[in-house]
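Examination of the molecular architecture
Chain residues, written in single-letter form:
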Amino acid sequence: MCVMFCPLNRTLGGMRPTLISILALATIAGGACGGDSAGARGGTVVIAGLADPDNLLPPIERTLAAKAVTDLIFERLADTGPTLNTIGDAGFEPRLAQRWDWSADSARITLHLDSRARWHDGAPVRAGDVRFAYAVYTDPAVGANGGEELRLAVDSISVTDSVTCVAWFSHRTPQQFFTLVNTLVPLPEHLLGGVPRDSIRTAAFGRAPVGDGPFRFVSWEPRVRLELASADSFYRGRAKLDRVIWTMVPDMQTASMKLGAGEAQFVEALTPPAAADVAKHPELRAVPYSSFDYGFMRFNLHDGSREQPHPVLGDRALRRALTQALDRKLLVRSVFDTLAHIGLGPFVRAQWSSDTTLAEIAFDRPAAARALDSLGWRAGADGMRAKNGRALQFTLLRPSSSKSRELLAVLIQEQLRQVGVRVDIEPLDFGAFMDRATKRTFDALMDGVHTGPNPDGVRESWSSHGIENGAGPNRGGYSNPAFDAQVDSALASMNASSAKAHYRAAYQTIVDDAPAIWLFEPIAVAGVSRGLSTGPLRADGWWLGVPAWTVTARR
């Protein structure tokens, strides 16, 4: 699933050499993930958090802040592992399901649970808890995250014995195993079975959960502090840390101050100014890691009626010329310094379907000017272009909450001015920005998507399926049958190599059509105390390695 994101406000601040040094040192140090005592056990890690969780019951959590906590409290059936594969079960690592067996027709899978697993109140984790969780996730009264997707993929879950259950799939798909184990988090039936489904959102369990993962819940003072402790009885072995504490801070400046003062050991994503501050402290490190965000300038391909092409941006050749006129490398470096890659298309590099060999529309400003000439857009005495009395002009919306998109919009405006294109920037608060985006009352907008390991979100965001009579996430109205067919073929492919070939063809098609200008893929940079050893930080969740983190005393 893909959702719009609002990137952290980032400013250049004249710190390019410092940031390059930070990332270079991180690379030289093997990712800057090691610490002074990899075998140490015990201790407490304090994380400076910029956002408070919304709820700690997995089916109804809505924020990454909540997910970071619940993924430590609750154990999944299996984990995608570092390969982040989503087709079949290759590379998946056992968790609660210590092994699984497929039927010959892949219509069902038998999950064998680890009999040692226990809920934090001492009750054993049983197959009935998996069946109960399925009932919760698929109940419309709950409105669970991924519940509808799970219901469409899995018909039912039956119990064979106390540690064996069977998931019966409604149909065979490449992502059926991923959908099951990535969506469904087993829940304690003995604690939640008596809670009415229409009341589960407000149940006390969501404020003080009992899980079965490597850490147990201790306390939560909303917007102030949340504490977890290592679960001594965890069946896969006790976590190396004793405690993990989130202390909530109002802004990045406060988070950086706490990190520098030793009051926190970890900040998940630093802004460039904060990264520069980290470089000044010998006791701190900056640790870069991949993200699942990408940013772009989206064009509206239709007019206000949504029935006719946009009078300017509906022209594929013109959109390609606009893309050719932009020096995207300079744009990204000017705004993000070394903390972003140039965008390649509707995907991120961490996804298994990514392709860095696509033929991009290369920066060539003179060629862009010639293309505009050939399309009949002629420059006037003032250097600005027009055709048949219509100025080559469009309005670019940007959210006022994002400094990075503000800076990008200004730079895009200037670069397009150099080829005779007038861009009027309209800043809006995020609510108004989203309203205009949803209603599609825009020419172009500074957009962004948060995706995940599964590349299937590209269908919702960019295919004809995502238009949905004007209400879907494909807000620009991009529609190309060739793109749709390749995406559908990728989703139907039962092996990764075939799927990747179809995704590549789809990506090349949309890059060639230029319904957007792919701008940036941010690199997240964590701030870490040198007394903390984290290991590599995963793109799909920096917190997934927390059970193996270790701390040593500050010197």
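Our subject is the structure listed above.
About the thresholds
- Residues numbered from 1 in each chain as written.
- Predicted model: local features only at pLDDT ≥ 70, side-chain atom pairs only at ≥ 80, totals over all residues.
- Heavy atoms only, no water.
- Helix = DSSP H or I, 4+ residues; strand = E, 2+ residues; numbered from the N terminus.
- Rg over C-alpha atoms; globule rule 2.2 N^0.38 Å.
- Contact = heavy atoms within 4.5 Å.
- Areas by Shrake-Rupley, 256 points an atom, 1.4 Å probe, with all protein chains shown as cover.
- Lys, Arg positive; Asp, Glu negative; His and termini not counted.
- Charge placed at Lys NZ, Arg CZ, Asp CG, Glu CD.
- 1 Å grid on protein atoms, 1.4 Å probe; cavity = no way out; pocket = protein on both sides within 12 Å on 5 of 7 lines; lining within 4 Å.
- Points joined across faces, edges and corners; volume = space filled by probe spheres on them.
- Buried < 20%, exposed > 50% of the residue type's maximum accessible area, 1.4 Å probe, protein only.
- Axes fitted to C-alpha atoms, helices over the stretch in contact; angles between N-to-C directions.
- Left-handed = near helix turned anticlockwise from the far one by under 90°.
- Pairing = 2+ DSSP bridges.
- Core = buried A, V, L, I, M, F, W, Y, C linked by side-chain atoms within 4.5 Å.
- Polar contact = N/O pair within 3.5 Å; in protein donor to acceptor, adjacent residues only side chain to side chain.

Next up on the list: the overall build of the chain. Summing up its helical and strand segments, the chain has 16 helices and 25 strands in all. On C-alpha atoms alone, the chain measures out to a radius of gyration of 25 Å, which is about the 24 Å that the 2.2 N^0.38 rule sets for 555 residues. If you take every contact in the chain between residues at least 6 apart in sequence, the share linking residues at least 24 apart comes to 71%. As displayed, the chain has an accessible area near 21,900 Å², and 52% of this comes from carbon and sulfur atoms. Computing the positive centroid from 59 side-chain charges and the negative centroid from 59, the chain places the two 4 Å apart.

In most cases, non-glycine residues show a negative phi, while peptide bonds are predominantly trans. Even without glycine at this site, L84 takes up a positive phi of about 60 degrees. The topology assignment puts L84 in the loop between β3 (78–79) and β4 (93–94). Not every positive phi belongs to a glycine, and A514 is a case in point at roughly 50 degrees. Its place among the elements puts A514 in the loop between α16 (496–513) and β22 (516–522).

Now for empty space enclosed by the protein. Throughout the structure, instances matching the rule amount to 2 cavities of 30 Å³ or more. Of the pockets and cavities examined, the largest cavity occupies roughly 90 Å³. Taken together, T323, R328, G343, L344, E360, I361, V511, A514, A516, I517 and W518 make up the lining of the largest cavity. With 3 residues, β22 is the single largest residue contributor to the lining of the largest cavity. Each pocket or cavity is described by its volume, and for the second largest cavity that value is around 30 Å³.

This part takes up helix α2 (residues 64–73). Among the 10 residues of α2, 8 are classified as buried, and the element is accordingly described as predominantly covered. Buried within α2 are the following residues: A65, A66, A68, V69, T70, D71, L72 and I73. On its buried side, α2 packs onto β9 (215–221), β10 (225–230) and β11 (243–248).

The next point concerns the packing of helix α10 (residues 328–336) against helix α12 (residues 403–417). Helices that pack against each other are described as a pair by the angle of their axes relative to one another and the distance between those axes. Taken N-terminus to C-terminus, the directions of α10 and α12 make an angle of 145 degrees; their axes are 10 Å apart at the nearest point. In this structure, the crossing between α10 and α12 has a hand that is right-handed. Every residue of α12 that contacts α10 at L330, L331, S334, V335 and F336 is listed here: S404, L407, L408, L411, I412 and Q415.

Relative to the elements of secondary structure, F177 occurs in helix α5 (residues 176–183). Along the backbone, F177 and T86 are 91 residues apart, and their C-alpha atoms lie at a distance of 7.9 Å.

The α-helix winds at 3.6 residues per turn, so residues separated by three or four positions along the chain end up facing the same way. Burial analysis of α5 places 7 of its 8 residues in the buried class, which makes it a mostly covered element. By the burial criterion, the buried members of α5 are Q176, F177, F178, T179, L180, V181 and T183.

So, about the sheet that holds strand β18 (residues 390–391). The 3 strands are arranged β16-β17-β18 in an open sheet whose pairing can be described as antiparallel. Edge positions in the sheet fall to β16 (378–379) and β18, since each of these pairs with one other strand and no more. As defined by bridge partners, strand β17 (residues 385–387) adjoins β18 across 2 bridges and the pair is classed as antiparallel. By the bridge assignment for β18, K387 is matched with R390.

In this structure, L180, L184, W246 and W542 are the most contacted members of the largest nonpolar core, which totals 75 residues. A per-element tally of this core places helix α3 (residues 127–137) first, with 7 residues. Sequence-distant contacts of W246, defined by excluding residues within four places in its chain, comprise I47, A68, V69, L72, V224, R225, L226, L228 and W542. Formed by 60 residues, the second largest nonpolar core is a distinct cluster that contains A409, V419, I510 and F520.

Another aspect to go through is the sheet that holds strand β7 (residues 154–161). Strand order across the open sheet formed by 4 strands is β5-β6-β8-β7, with antiparallel pairing between neighbours. Looking at the sheet topology across the chains shown, the edges are occupied by β5 (97–102) and β7. Between one strand axis and the next, the sheet turns through 20 degrees on average, direction left out of account. The sheet contact formed by β5 and strand β6 (residues 108–113) spans 5 bridges and is antiparallel. What sits directly across from W100, in β6, is L111. In this fold α3 packs onto β6, β7 and β8 (164–169), with an angle of close to 160 degrees to the strand it touches most, β7.

Before going further, it helps to examine the side chain of E75. Among the structural elements, E75 can be located in the loop between α2 and β3. Within the local environment of E75, its side chain forms a polar contact with the side chain of Y235, the two groups lying 2.7 Å apart. If we skip the residues at most four places from it in the chain, E75 touches R95, L96, V185, P186, D212, G213, P214, F234, Y235 and R236.

Looking now at the pairing of strand β21 (residues 444–450). Within β21, 6 of the 7 residues are buried, leaving the element largely enclosed by the surrounding structure. Relative to β21, strand β14 (residues 293–299) runs antiparallel, the two being bridged by 7 bridges. From the neighbouring strand, Y294 faces β21, where its bridge partner is V449. Where strand β19 (residues 393–399) lies against β21, 2 bridges are found, and the strand directions are parallel.

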